Amino acid sequence: MPTITLPDGSCRSYDSPPTAAQVAADIGAGLAKAALGAKINGTLCDLSTRLEHDCALAIVTAKSRDGQPDADGLMLIRHSCAHVMAEAIERLFPGTALVYGPALESGFYYDMAFPAGRAPSTDDFAALESEMAKIIAENRPFTRTDLPLDAGMEKLNREGSKFKIDNAQRARDGGSATLSWYTTGTPGSNWEDLCRGPHVPSTGRIGAFKITMLASSYWKGDESLDRLTRVYGTAFATKAELEAHLAQVEEAKKRDHRVLGKQLRLFHIDEMVGQGLVLWTPRGAVVRQELQNFISDELRVQGYQQVFTPHIGKLDLYRTSGHFPYYKESQFAPIIDHDEMSKLAAEGCSCGELANRLGSGSVDGYLLKPMNCPHHIRIFASEPHSYRDLPVRLAEFGTVYRWEQSGEIGGLTRVRGFTQDDAHLFVREDQVADELIGCLSLVKLIFGTLGMNDYRVRVGLRDPASDKYVGDPSNWDKAEEACRNAARSLGVPFSEERGEAAFYGPKIDFVVRDVIGRSWQLGTVQVDYNLPVRFDLSYIGADNKQHRPVMIHRAPFGSMERFVGVLIEHFAGAFPLWLAPEQVRVLPISEKSAAYADEVLAALRSAGLRATIDSGNERVQARIRDASEAKIPYLAVVGPRDAEQRAVSIRAFGTDANLGELPLGEFLAGVTGEYTSRGHESLKSKFVRRQPS
RNA sequence: GCCACCCUAGCUCAGUGGUAGAGCAAUGCUUUCGUAAAGCAUAGGUCGUGGGUUCGAGUCCCAUGGGUGGCUCCA
């Protein structure tokens, strides 16, 4: 006699265990028709699941109560659509081995192994989609069959797919008591797939779908295992929702920093210069310089000292730090001087031999620096330090070079040369906690000032099973605890992730998403007990003995390139006044106002503002349009009327109309205030308040 | 590095083996204008690069560079 509790708190009792579908039907015919699945005690299940015991039940439909697509409903639809796609592919591409096909946040994929040379291409999408449409039109039920582990494994061994056998083994290792198959239709006669489920009741419940792309993947994400083909798609309950989603994806592409970067002429990446090497054009350089000024002001307040170091260093420096051996594959190849090169050539040294000798240290060279820390460490070590001097905080906008894989490079977010707003703090152990909090406050200040609230915090810890990490485990424990405590002090949720630490220490990362949903690490703070050991750093303590300092590595922006890339998307290219490459554009109504317009321009420039004039031959309307497309914060339109009153007519970006006239002096003061306060004071808001409407 | 797709004028794109096109931008002229595109004209391309097939290649094939989306990697 199970009692079923519904989300509204009401209960229903049954004499014999009903299925979730029966309960839905008892609640109402409409719900029964709309039902896609069930949530039983919070677990997503098939609608056909029999409710043997008392439980909390929620019927899952395609729409939540707020009218938006329901996340669970979408999950069911997409996972089911992955099956339909797999069936269509197996039909059109015989010999395909299925591997794994989950639902995703915005769609689904299915990994498959195709016979050599028989993989589909994007040209096959239309045929596959029409095959899928047929399966959906047939509206065949998703039928679940459970087999005991032994019988299930036997069936899989008979069928012989190593991928499915592996999936089953993992299910077994995960504690599953049975193995389940889903047939689209009648078991024995229709297509089936080993699957944990759940699914929608029948294929007809998949409303609208689209195959979106092909990619390669590795079995279990391991590049030493089989190369698979991953087919991506997405599905929604209705065609309208699918179209809305696709439109939204198109819309997001318009604020992609690569698109806006070109449109607004913020940066350029040139084939002739090299992949992943960013050329900051004048307008983008302004944004970067303003950000650097902003953080530099704050560093002075916090007692940092600015240093400059070269772009290369001796290879041995990076052998000592560990960077060269640990990241050999992802660095630019070492630079070897002419004499050494001639000598090696005379000896007939092969490339392989050269690599060996560079590794062992019997040949030295120089390395484009992959990190700034070794240089800063040598500055710290260049003079003795008393415990009274600590913390020593050395800051540099340091440019580093990394040999990223070619397929990974793109835009400003993943590049081969980038500038970190880097600093290294050499601290006593008793100072670690306070200094960490100081570093985090910088990151918070940056995110707060720029209005970037949509980030997550990740504490990256070492993976005890990996041999990638250097140093004493007890120091690691201390460092990890320090990071955890500092992260707690932030007052925002954070996740702890094993295996995300740097090789020399744990870290706290700030991660944001770009417009197409990819995550990027921006700010980072890392605790390091190991490099001070490797470089034998010390300071003289109060006891007149030598002590080992602890290092903190931190970069609140992370890399200027990546940060600006994300920032362009955050503002959709419409930078606030203090960052805007062009802050004010003066628009004379006609040549008759040219003299006064020049006067306004000169006044703006002497006030330290980035101002230009557009005295082109176009009508004002056209020039306003140009300026709007350039996303310039303020337009100062001047005509004879303004000249007479020594005023300007203001138009602000984001407002559709002329805000009215303002005396020139007042405008200058307002814009300057907004600039120097980095947006704390806003001329626009003052101005808008003055307007009666 | 792997898989798929893409590369045509400064930009966005059309061009399905038969004489390289459009819009915007640029330049010149006319217009001197009060808040999101005035009019006319001109110029601009060995179709990423190198091979090949063909009577003929922007179009088909091969190689190579670059880009985009995934995978892997990311100090």
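Note: the structure precedes this text.
Residues numbered from 1 in each chain as written. Chains lettered and ligands numbered in written order. Predicted model: local features only at pLDDT ≥ 70, side-chain atom pairs only at ≥ 80, totals over all residues. Heavy atoms only, no water.

Undergrad: Residue-level account of the state of the cysteines, with values.
TA: All told, the structure shown has zero disulfides when counted by the stated rule. The thiol of Cys 55 is not disulfide-bonded; the next cysteine sulfur, from Cys 45, is found 9.0 Å away. Considering cysteine sulfurs only, Cys 45 is the nearest to Cys 195, which forms no disulfide, with 13 Å between them. (Disulfide = S-S within 2.5 Å.)

Undergrad: Please give an account of a nonpolar patch on the surface that cites residues and values.
TA: On the surface, a cluster of nonpolar side chains totalling about 230 Å² of accessible area is made up of Ile 312, Ile 335 and Tyr 366. Secondary-structure assignment places Ile 335 in the loop between helix H11 (323-326) and helix H12 (338-347). Given the relative accessible area of 39%, Ile 335 is considered partly exposed. (Patch = residues over 30% accessible without salt bridge, like charges linked within 9 Å, V, L, I, M, F, W, Y side chains within 5 Å. Areas by Shrake-Rupley, 256 points an atom, 1.4 Å probe, with all protein chains shown as cover. Salt bridge = Lys/Arg side-chain N within 4 Å of Asp/Glu carboxyl O. Helix = DSSP H or I, 4+ residues; strand = E, 2+ residues; numbered from the N terminus. Buried < 20%, exposed > 50% of the residue type's maximum accessible area, 1.4 Å probe, protein only.)

Undergrad: So what's going on with unusual backbone geometry? Residues and values would help.
TA: In this structure, the amide linkage connecting Gly 197 to the following residue, Pro 198, adopts the cis form with an omega of -5°. Counting through the fold element by element, Pro 198 comes out in the loop between strand E10 (192-194) and strand E11 (208-218). For the bond from Leu 390 to Pro 391, the omega torsion is 0°, close enough to zero to count as cis. With respect to the element layout, Pro 391 can be found in the loop between helix H14 (373-381) and strand E18 (392-401). Residue Lys 631 is not a glycine yet carries a positive backbone phi of 55°. The residue Lys 631 is located in the loop between helix H20 (620-629) and strand E29 (634-638) in this model. One non-glycine residue, Arg 678, lies in the positive phi region at around 50°. With respect to the secondary-structure elements, Arg 678 resides in the loop between helix H22 (664-676) and helix H23 (683-690).

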